[in-house]
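Listed below, chain by chain, are the residues.
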Amino acid sequence: MDKEIREQKETEAAKPDTQKSAAGAAAGKGRSLKPVIWICAAVVVLLAVVFAVTRSGAKPAGGKNPEQAVAEETMEIGSGEDRETFEIPFAGLVLKYPKEWQDQVTVTENEDGSLAFSADGALLFTLYSDDAHQTLGTVTGEKNTVISVQFAEIDPNDAAKAAMQEDINVILLHLAKDYDFAVGTAVLPEDDAAFPITTSVTTLYYPAKWQDQVTVDVSEEKVSFSAGGTPLFDLVFTDCDGYLLGTYGKTPIYIVEYEVSDDTHAAMQAGVNVILKHLMEDEQFVMRA
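Residues numbered from 1 in each chain as written. Predicted model: local features only at pLDDT ≥ 70, side-chain atom pairs only at ≥ 80, totals over all residues. Heavy atoms only, no water.

## Overview of the overall build of the chain
Then, number 1: Within the chain one finds eight helices and 16 strands.
Then, number 2: Looking at the chain as a whole, 34% of its 289 residues are labelled buried.
Then, number 3: Considering only contacts in the chain between residues 6 or more positions apart, those separated by 24 or more positions represent 50%.
Then, number 4: Put simply, the chain shows about 17,500 Å² of open surface, and 50% of that area lies on carbon and sulfur atoms. (Helix = DSSP H or I, 4+ residues; strand = E, 2+ residues; numbered from the N terminus. Buried < 20%, exposed > 50% of the residue type's maximum accessible area, 1.4 Å probe, protein only. Contact = heavy atoms within 4.5 Å. Areas by Shrake-Rupley, 256 points an atom, 1.4 Å probe, with all protein chains shown as cover.)

Right under this line is the structure:
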């Protein structure tokens, strides 16, 4: 009996652990998938695929998991950078779109500067140089140009128009290649405009975008900033319990900040950084060490 039990255990031990083998194979498959996405597809392409999936609302075919479907679709369009293109001027940039569509796709500049891509009288998509639509990214530089898109509804059975619409990916690929292109992000330029506030110590400069919304009360010893009756902060020119920003000549400049719960009020408070920036440009101001 003992011999039979030993032989049975040895036989079971010799059998492959199919459950572990299957798990290992699946894990190995999962490990190999991510390098495929990383190596074969730029982030721009992956983002464009996401846009395409979001726009169509289609589910991956063949019961494939979403990650596998995205990887395979990415590889299919990953060679878009090598396709022959023609150039389209837009918002001071040069866009590149597949030349195979040049005689079939009509590109029209609208009165607002946007570009409409259409075929056989049917709109495919419209590109805008703003962040008011679906943001594709921003070409950054001396002047930032945000690029957004609005897709038109097309017949899902019209394979040619679907391909023309999907080839917005090629435009994105070349934007990333030809420019500093921040994918999927609207990078808006900072507004440096400021308005002057005359005080007993020096002239302060506060963001002009808040000029019509922030009330500024100036007295001999302080300047108070408020919005709609809500106090934001005070700049005080005598010793107090506030935070010392620095001294202007022999006069201290403290900030007393009030608690706010509104995001806009918080942004108005942050405007003190503009005041501080201009103070630091004045040799008479010495920032607190």
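From this point, things continue past the structure.
## Some details on the sheet that holds strand 13 (residues 230-236)
Then, number 1: Strand order in this open sheet of six strands is 11-12-13-15-14-16, and the pairing throughout is antiparallel. Either end of the sheet is taken by a strand with one partner, and the two such strands are strand 11 (215-218) and strand 16 (285-287). Here the strands of the sheet are splayed against their neighbours by 25 degrees on average, with no regard to which way each runs.
Then, number 2: Alignment of strand 13 against strand 15 (residues 251-257), held across four bridges, turns out to be antiparallel. In the strand pairing of strand 15, Val236 is matched with Tyr254.
Then, number 3: Packed onto the sheet, helix 7 (residues 263-270) meets strand 12 (222-227), strand 13 and strand 15 and runs at close to 10 degrees relative to strand 13.
Then, number 4: The strands that helix 8 (residues 272-280) touches are strand 12, strand 13, strand 14 (243-248), strand 15 and strand 16; relative to strand 16, the one it contacts most, it runs at about 120 degrees. (Pairing = 2+ DSSP bridges. Axes fitted to C-alpha atoms, helices over the stretch in contact; angles between N-to-C directions.)

## Some remarks on the pairing of strand 10 (residues 203-207)
Then, number 1: Where strand 9 (residues 194-198) lies against strand 10, five bridges are found, and the strand directions are antiparallel. Residue pairing for strand 10: Ala194 is matched across the bridge by Pro207.

## Describing the confidence of the model for the chain
Fine structural detail should not be taken from predicted coordinates in areas where pLDDT scores are low.
Then, number 1: Here the chain shows a mean pLDDT of 78. Residues at 70 or above account for 71%.
Then, number 2: Between the elements of the chain, mean pLDDT differs from a low of 31, seen in helix 2 (residues 18-40), to a high of 98, seen in strand 4 (residues 115-119).
Then, number 3: Low pLDDT (under 50) marks residues 1-79, which in the prediction has 47 contacts with non-local residues, meaning those over four places away or in another chain. (pLDDT = per-residue confidence, 0-100.)

## Here's the deal with helix 7
Then, number 1: When helix 7 is considered as a whole, its buried residues turn out to be His265, Met268 and Gln269. All buried residues of helix 7 fall inside an arc of 100 degrees around its axis, so they share one side.
Then, number 2: Where helix 7 is buried, its residues touch strand 10, strand 12, strand 13, strand 15 and helix 8.
Then, number 3: Backbone nitrogen of Thr264 and a side-chain oxygen of the N-cap are separated by 2.8 Å at the start of helix 7; the cap is Asp262. (Arc of directions from axis to C-beta. Polar contact = N/O pair within 3.5 Å; in protein donor to acceptor, adjacent residues only side chain to side chain.)

## Comments concerning helix 8
Then, number 1: Turning to helix 8, its buried residues number three or more, namely Val272, Ile275, Leu276 and Leu279. Across the axial projection of helix 8, the buried residues extend over an arc of 95 degrees, all falling on one side.

## Looking at the packing of aromatic side chains
Then, number 1: Counted according to the given criterion, the structure contains nine aromatic pairs.
Then, number 2: Ring centres of Phe86 and Tyr97 lie 6.1 Å apart, and the angle between their planes is 85 degrees; this geometry places the pair in the edge-to-face category. Residue Phe86 is found in strand 1 (residues 85-90), and its partner Tyr97 is found in strand 2 (residues 93-98); the two are separated by 11 residues along the sequence. This pair shows no difference in class: Phe86 is buried, exactly as Tyr97 is. (Phe/Tyr/Trp six-rings, centres within 6.5 Å; stacked < 30°, edge-to-face > 60°.)

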